[in-house]
Amino acid sequence: MSIIFEGISKRFAHNTEREVAALDKVSFKVEENEFVSIIGPSGCGKTTLLRIVAGLLKPDTGRIEFPDREELPKAVMVFQDQGLLPWLTVLDNIGLGLELQGVSKVTRHAQVLEFMKRVKLDGFESYYPHELSGGMRQRVALARAFLTSPDILLMDEPFGALDAQTRIILQEELLNIWRMEQKTVLFVTHDIDEAILLSDRIIVLTDRPGKIKKIFDVPLGRPRELHLKDDPRFIEIRWQIWNLLEKEVRKELKLT
Ligand SMILES: Nc1ncnc2c1ncn2[C@@H]1O[C@H](COP(=O)(O)OP(=O)(O)O)[C@@H](O)[C@H]1O
Ligand SMILES: [Mg+2]
């Protein structure tokens, strides 16, 4: 499922006098099954952009097009706090998306159990979220998101709250599932290395209102492995992105 962003602008009224411009004429195209990361200073409109794709918000001007299909695509969002329901077991949490789609209990359980096996979550069916580590909860959230077979996966700093080591493992896991499932992914992060390791392309946004500053093609093949961080191409693109981002973050902090 490809996505075309055409001149997306969005303002929010904070009170009767003051308006905040969150996004300013953002245009780009995400290709079918492409993994695209969005990086930019805090408050530059990244979450707003994902919410617009999900259909939760309307842009003031511009539009989103899904040229591959007549009907609206199914988009699913994954957040930093995993949005698991504390009173449901892992099995029921993972199956929640299917349940909302009206899939019967027997079919649902079969599908959930099969998927849990594939992502090595089997054995945790009857656990409750509070019995799991943050990393495990995020794995459950990933499983739930993929299991609903969305056309588009929208991920808003999904690993932001995890420690660095857990994060690396989950990045690897996300890439593995993504390779099996083939989805279009829009991934918001503020971690440059994470963006490079995961993405086909990286969109750098300016300080608010978010505009496209630059789009980078990641010049690395797949599968990606951690040692790529020592690859000269990785180091080069990391510096290029940091140079752009540093200026924008300084603007946001009023340091320039
Ligand atoms: N529902 C809302 N009402 C008012 N202002 C909002 C709302 N959502 C976002 N904003 C404002 O829009 C700007 C962009 O927000 P957001 O998209 O959350 O940025 P990011 O995710 O890049 O940190 C911020 O200034 C934020 O305060
Ligand atoms: Mg955000």
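The numbering scheme is per chain: residues are counted from 1 as the chain's sequence reads. Chain labels run from A onward and ligand labels from 1 onward, assigned in the order the entries are written. Selection of residues for local features in this predicted model requires a pLDDT of at least 70, selection of side-chain atom pairs for listing and counting requires 80 or more, and totals for whole chains, interfaces and linings are taken over all residues.

S.K.: Which residues make up the overall build of the chain, and what values go with them?
M.R.: Runs of E in the DSSP output that reach at least two residues are strands. Runs of H or I that reach at least four are helices, and both are numbered from the N terminus. Helix and strand counts for the chain come out as 7 helices and 9 strands. On the principal axes, the C-alpha backbone points of the chain span a range of 55 × 45 × 35 Å. The burial tally for the chain puts 35% of its 256 residues in the buried class. Restricting the contact set of the chain to residue pairs at least 6 apart, pairs at least 24 apart contribute 72%. Residue burial is a threshold on neighbouring C-beta atoms within 10 Å of the residue's own C-beta, all placed from the backbone, with 20 or more meaning buried, 12 or fewer meaning exposed, and counts in between meaning partly exposed. Each residue is represented by a C-beta atom placed from its backbone, and any two residues with such atoms within 7 Å are regarded as in contact.

S.K.: Mind laying out the domain arrangement of the chain, listing which residues take part and the relevant values?
M.R.: Where each domain starts and ends comes from a domain assignment, either automatic or drawn from a database. As far as domains go, the chain holds domain 1 (28–58 + 68–74 + 152–256) and domain 2 (85–149). Relative placement of domain 1 and domain 2: their C-alpha centres are 26 Å apart. Listed as interface residues are 11 residues of domain 1 and, on the opposing side, 8 residues of domain 2. No other element matches helix 5 (residues 164–181), which puts 6 residues into the side of domain 1 that touches domain 2. Lys, Arg, Asp and Glu make up the charged group, whereas Ala, Val, Leu, Ile, Met, Phe, Trp, Tyr, Cys and Pro make up the nonpolar group; the residues left over, Gly among them, are polar. Considered class by class, the residues forming the side of domain 1 that touches domain 2 number 8 nonpolar, 1 polar and 2 charged.

S.K.: Which residues make up the sheet that holds strand 3 (residues 35–39), and what values go with them?
M.R.: Spatial ordering of the open sheet is given by 5-6-7-3-8-9, a layout of 6 strands whose pairing is mixed. Of all strands in the sheet, those bounded by a partner on one side alone are strand 5 (75–78) and strand 9 (212–217). Adjacent strand axes in the sheet meet at a mean angle of 15° when their direction is disregarded. The rule for pairing is simple: two strands pair if DSSP sees at least two bridges between them. Pairing geometry for strand 5 and strand 6 (residues 152–156), over 4 bridges, is parallel. When the sheet's bridge partners are listed, valine 76 is paired in strand 6 with leucine 153. Working convention: axes come from line fits to C-alpha atoms, limited for helices to the stretch in contact. Angles between N-to-C directions cover 0 to 180 degrees.

S.K.: Explain the sheet that holds strand 4 (residues 61–65) to me, and be specific about the residues and the numbers.
M.R.: The strand order across the open sheet built from 3 strands is 2-1-4, with neighbouring strands paired in antiparallel fashion. Every interior strand has two partners, whereas the edge strands, strand 2 (19–30) and strand 4, have only one. Within this sheet the neighbouring strands show an average axis-to-axis angle of 25°, counted without direction. With 8 bridges joining them, strand 1 (residues 3–13) and strand 2 adopt antiparallel strand pairing. Bridge assignment links isoleucine 8 to a residue of strand 2, and that residue is valine 26.

S.K.: Residues and numbers for the packing of helix 2 (residues 90–100) against helix 4 (residues 134–147), please.
M.R.: At a closest axis distance of 7 Å, the pairing of helix 2 and helix 4 adopts a crossing angle of 30°. Of the possible angle classes, the one that applies to helix 2 and helix 4 is roughly parallel. Of the two elements, helix 2 crosses helix 4, and the hand of that crossing is right-handed. Here Val90, Asn93, Ile94, Leu96, Gly97 and Leu98 of helix 2 come into contact with helix 4, specifically with Val140, Ala143, Arg144 and Leu147. Each residue belonging to the contact of helix 2 with helix 4 can be placed in one class, and the counts come to 7 nonpolar, 2 polar and 1 charged. Note that the term roughly parallel is reserved for angles under 35 degrees, roughly antiparallel for angles over 145, roughly perpendicular for angles of 65 to 115, and oblique for everything else. By the definition used in this description, the sense in which the near helix is turned from the far one sets the handedness, with an anticlockwise turn below a right angle giving left-handed and a clockwise turn giving right-handed.

S.K.: Now, about the site of ligand 1: what can you tell me, with residues and values included?
M.R.: Nearness between a residue and a molecule or strand is assessed with a C-beta atom placed from the backbone; a distance within 6 Å qualifies. Around ligand 1 sit Phe12, His14, Val20, Ala22, Ser42, Gly43, Cys44, Gly45, Lys46, Thr47, Thr48 and Arg208, and that is every residue in its neighbourhood. Looking at the shell around ligand 1, the elements that each hand over two or more residues are strand 2 and helix 1 (46–53). The biggest single contributor to the shell around ligand 1 is helix 1, with 3 residues. By residue class, the composition of the shell around ligand 1 is 4 nonpolar, 6 polar and 2 charged.

S.K.: Report on helix 4, specifying residues and quantitative values.
M.R.: In a helix, the anticipated span is given by 1.5 Å times the number of residues less one. When the terminal C-alpha atoms of helix 4 are compared, their 20 Å separation across 14 residues agrees well with the 20 Å that a helix rising 1.5 Å per residue should span. The buried fraction of helix 4 amounts to 11 of the 14 residues, a majority that puts the element mostly inside the structure. Considered for burial, the residues of helix 4 that qualify are Arg137, Gln138, Arg139, Val140, Ala141, Leu142, Ala143, Arg144, Ala145, Phe146 and Leu147. On its buried side, helix 4 packs onto strand 5, helix 2, helix 3 (105–118), strand 6 and helix 5.

S.K.: Kindly report on the nonpolar core, identifying the contributing residues and their values.
M.R.: To count as a nonpolar core, a set of buried Ala, Val, Leu, Ile, Met, Phe, Trp, Tyr and Cys residues must be joined through C-beta atoms within 7 Å. Formed by 56 residues in total, the largest nonpolar core has its most connected members in Val53, Ala143, Leu154, Val185, Leu186, Phe187 and Ile202. Looking at which element gives the most residues to this core, the answer is helix 4, with 7 residues. Domain assignment of the residues forming this core places at least three in each of domain 1 (28–58 + 68–74 + 152–256) and domain 2 (85–149). Once you skip the residues sitting within four places of it in the chain, alanine 143 turns out to touch Ile94, Phe115, Met116, Val119 and Leu121.

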